[in-house]
Amino acid sequence: RGNATVPCVTVADSIARDLQATGWIDYRTRAVLAEVFVYNPSLNYFVMVQAVLEMPSTGGAHPHANVRASRLLRYSSTVDLALLGLEVSMLLLICFDTMEKVVFYRTYRQHVRDNPWDVYDALFHVLFFILMIFRLNVVTKFDALRFDPAIRVYYDLGEVIYWDSAAEGLAAWLAWMLWFRSFKYLYHLSWARHILDTLYRATFPLLGLCLAGLILLLAFAHAGMLAFGTQIHDLRTFGVALISCYRFIFSGMRYDEFRAAGSFLGPLFYIAFKVWMVLIYVRFFVAVILDAYRECMQEQRNRWSLTFPPLQALAHDISDWIEGY
């Protein structure tokens, strides 16, 4: 098996040398990418391995690797077919629920925006339909490749794996939305109502705070890219720097890396980011939520003493019994 890979390595090496000799990589080249696709039949996983060498306009070279695993043969076993049946059943239930809501709102001449949970359900339904379109797109593109494990040829699975990763990400978001939808049925409980009312009350102040935070992130990302784009990998481009600055708020920054990139600007950038984004902005964010929660509690203090009716009735009977003695 090891001898079978020698011709592939030899051909790849000759291609790389030919590209180097003909000047394929020059000062205008921004990235060199090499892809390898492998398939594990026992786990039914396709793996894409990308080796990327980025050469940004600011100078330097940043190598990194990207590995993605996907199940492109989704419906090959009995369990997978059962999962397909559940997905089809979910799609039918969503269709029936949509038709029921359309008939209800047209019959009683109401607007869907009057009920926030119906707006939430409509968004969930739309995203689920988009997920099914992504799944169908993945299956169609994969079938067009006519994959056969017995034939040793190159299959360009990059686009298929990309759409499968997008579908998995959307499925993860839908799973979160599905669990959050439980608050719709828990709204009659006081603690759940307090949480939702607090979030609703703090929505507009948080939107304004998010806009201010976005401006600060843009400023730090731009400054970090210009000052340390050639030394720090996380600040190599503006887009990557923006995402990295957002990540720095929660995961922290490596002071030694900034100190090595610049004896003066490195510590200055580190301290300024910590002061503005962690000590000030994050505390403003928490303060807005706490202020909304305090206002909500003051309005609802004596409104729902106990949320479960039998317990409330029992407490009333006990209080009457104590007063009788």
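Structural notes, computed from the coordinates. (Residues numbered from 1 in each chain as written. Predicted model: local features only at pLDDT ≥ 70, side-chain atom pairs only at ≥ 80, totals over all residues. Heavy atoms only, no water.)

**What to know about the packing of aromatic side chains**
Working step 1: In this structure the tally under the stated criterion is 22 aromatic pairs.
Working step 2: A ring pair is formed by F46 and F142, whose centres lie 5.4 Å apart and whose planes are at 70°; its orientation type is edge-to-face. Highlighted residues: F46 in strand β2 (residues 45–54) and F142 in helix α3 (residues 116–145), separated in sequence by 96 residues. Residues F46 and F142 agree in their burial class; the two are buried.
Working step 3: With a centroid separation of 5.7 Å and an interplanar angle of 85°, the aromatic rings of F220 and F269 are classed as edge-to-face. Of this pair, F220 sits in helix α7 (residues 203–228) while F269 sits in helix α10 (residues 265–299); the two residues are 49 residues apart in sequence, bridging distant segments of the chain.
Working step 4: Here F269 falls in the buried class, since its relative accessible area comes to 8%.
Working step 5: Site record: aromatic cluster; members linked through ring pairs are W117, Y120, W173, W176, F180 and F183. (Phe/Tyr/Trp six-rings, centres within 6.5 Å; stacked < 30°, edge-to-face > 60°. Helix = DSSP H or I, 4+ residues; strand = E, 2+ residues; numbered from the N terminus. Buried < 20%, exposed > 50% of the residue type's maximum accessible area, 1.4 Å probe, protein only.)

**Topic: the sheet that holds β2**
Working step 1: Read across the sheet, 3 strands follow the order β1-β2-β3 without closing on themselves; strand pairing throughout is antiparallel. Of all the strands in the sheet, the pair left with one neighbour each is β1 (31–40) and β3 (62–70). Ignoring which end each strand starts from, the neighbouring axes of this sheet average 15° apart.
Working step 2: As paired elements, β1 and β2 share 10 bridges and run antiparallel to each other. In the sheet register, L33 faces β2, and the bridge partner there is V52.
Working step 3: Lying over the sheet, helix α4 (residues 158–180) contacts β1, β2 and β3, oriented at roughly 75° with respect to β3. (Pairing = 2+ DSSP bridges. Axes fitted to C-alpha atoms, helices over the stretch in contact; angles between N-to-C directions. Contact = heavy atoms within 4.5 Å.)

**A short note on the packing of helix α2 (residues 78–107) against α3**
Working step 1: At a minimum axis separation of 11 Å, α2 and α3 run at an interaxial angle of 140°. As α2 runs across α3, the sense of the crossing is left-handed. Side by side, α2 and α3 meet where E87, M90, L91, I94, C95, D97, T98, K101 and Y105 of the first sit next to D118, D121, F124, H125, F128, F129, M132 and R135 of the second.
Working step 2: The class makeup of the residues in the contact of α2 with α3 is 9 nonpolar, 2 polar and 6 charged. (Left-handed = near helix turned anticlockwise from the far one by under 90°. Nonpolar A, V, L, I, M, F, W, Y, C, P; charged D, E, K, R; others polar.)

**As for the pairing of β2**
Working step 1: Here β2 shows a clear split, with F46, M48, Q50, V52 and E54 buried on one side and none of Y45, V47, V49, A51 and L53 buried on the other.
Working step 2: Where β2 and β3 come together, 9 bridges link them in antiparallel fashion. Bridged to L53 within β3 is P63.

**Quick look at the side chain of H125**
Working step 1: Mapping H125 onto the fold places it in helix α3.
Working step 2: In this structure H125 comes out as buried when scored by relative accessible area, which is 10%.

**Some points on the packing of α7 against helix α8 (residues 238–251)**
Working step 1: Where α7 contacts α8, the two axes come as close as 8 Å, and the packing angle between them is 120°. By the criterion of interaxial angle, the relationship of α7 to α8 is oblique. Viewed along their axes, α7 and α8 form a crossing whose handedness is right-handed. For the pair α7 and α8, contact is made by L217, L218, F220, A221, H222 and M225 and by F238, A241, L242, C245, Y246 and I249, respectively. (Parallel < 35°, antiparallel > 145°, perpendicular 65-115°, else oblique.)

**Describing the layout of surface pockets**
Working step 1: Its volume calculated, the second largest pocket comes out at about 660 Å³.
Working step 2: What lines the second largest pocket is a set of 16 residues, among which P116, W117, Y120, F180 and L196 lie closest to the centre.
Working step 3: At the level of elements, α3, α4, α6 (190–201) and α7 are the ones that each hand at least two residues to the lining of the second largest pocket.
Working step 4: With 5 residues, α3 is the largest single contributor of residues to the lining of the second largest pocket.
Working step 5: By residue class, the composition of the lining of the second largest pocket is 14 nonpolar, 1 polar and 1 charged. (1 Å grid on protein atoms, 1.4 Å probe; cavity = no way out; pocket = protein on both sides within 12 Å on 5 of 7 lines; lining within 4 Å. Points joined across faces, edges and corners; volume = space filled by probe spheres on them.)

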